[in-house]
Amino acid sequence: MDALDQQLISLLRTDARMSIATLAHKLKVSRGTITNRITKLEDDGIIVGYTVRLRPDAQQNEIHAWISIAVEGNETRAVIASLLGEPGIEEIHDTNGRWDLLASLRAANLSELSSVLERIRLIKAIQNTETSIHLQTYRTSSKT
């Protein structure tokens, strides 16, 4: 994956319903380039599906968790690129300290969360992970 693929994935993660024409305009490439890139990302298993984001209170029984990730050597960019294709990941953050990355996860149930964690742990260059399940929120920002 090159920088264009990563930018394309980033735009699709923001709005997977964005039209090919809009994506092409934002990335300053042709519609054919976007179509070919999306097809290749899907064929290579990098894009494994599309989803819908809901208000946080819309699915109150949904499981929300965070996974802290330690990456081997200088492979952070490669791991991020792989994580961008995981539909269970809501956000990915670069951090300092013991962990290299922090990702926010959402799953409908524990079985689905287990599957997401299993797929993440299979990514090459992930050295170690630690997962914490969100139990209760006491304050949120007003952003939507």
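In this text, all values refer to a predicted model and were calculated from it rather than measured experimentally.

**As for the pattern of salt bridges**
- This structure, assessed with the given rule, holds seven salt bridges.
- Ionic pairing is found between Arg106 and Glu62, a salt bridge with its closest N-O pair at 3.2 Å. You can see Arg106 sitting in strand E3 (residues 101–107) and its partner Glu62 sitting in the loop between helix H3 (31–43) and strand E1 (63–71), a full 44 residues away along the chain.
- Given the relative accessible area of 22%, Arg106 is considered partly exposed.
- On the basis of relative accessible area, Glu62 is assigned to the partly exposed category, the value being 25%.
- Between Glu86 and Arg119 there is a salt bridge, with the nearest N and O atoms lying 2.7 Å from each other.

**Re the pairing of strand E2 (residues 89–94)**
- Both E2 and E3 contribute to a ladder of five bridges, which runs antiparallel. Across the sheet, Ile92 pairs through a bridge with Ala103, a residue of E3.
- Count of turn residues in the E2/E3 antiparallel hairpin: six residues, of which Gly97 carries a positive phi of about 95°.

**Regarding the sheet that holds E1**
- Sheet architecture is open: four strands sit in the order E2-E3-E1-E4, paired in antiparallel fashion. Strands with a single pairing partner mark the edges of an open sheet, and in this sheet they are E2 and strand E4 (126–133). Pairwise comparison of adjacent strand axes, ignoring direction, gives a mean angle of 20° for this sheet.
- As defined by bridge partners, E1 adjoins E4 across seven bridges and the pair is classed as antiparallel. Directly across from Ala70, in E4, lies its bridge partner Asn128.
- Sitting on the sheet, helix H4 (residues 76–83) is in contact with E1, E2, E3 and E4, with an inclination near 10° to E3.

**A few points about the environment of Gly45**
- Note that Gly45 resides in the loop between H3 and E1.
- Judged by its relative accessible area of 40%, Gly45 is partly exposed.
- Separated by 56 residues in sequence, Gly45 and Leu101 have C-alpha atoms that sit 22 Å apart.

The rules behind the values
- Residues numbered from 1 in each chain as written.
- Predicted model: local features only at pLDDT ≥ 70, side-chain atom pairs only at ≥ 80, totals over all residues.
- Heavy atoms only, no water.
- Salt bridge = Lys/Arg side-chain N within 4 Å of Asp/Glu carboxyl O.
- Helix = DSSP H or I, 4+ residues; strand = E, 2+ residues; numbered from the N terminus.
- Buried < 20%, exposed > 50% of the residue type's maximum accessible area, 1.4 Å probe, protein only.
- Pairing = 2+ DSSP bridges.
- Axes fitted to C-alpha atoms, helices over the stretch in contact; angles between N-to-C directions.
- Contact = heavy atoms within 4.5 Å.

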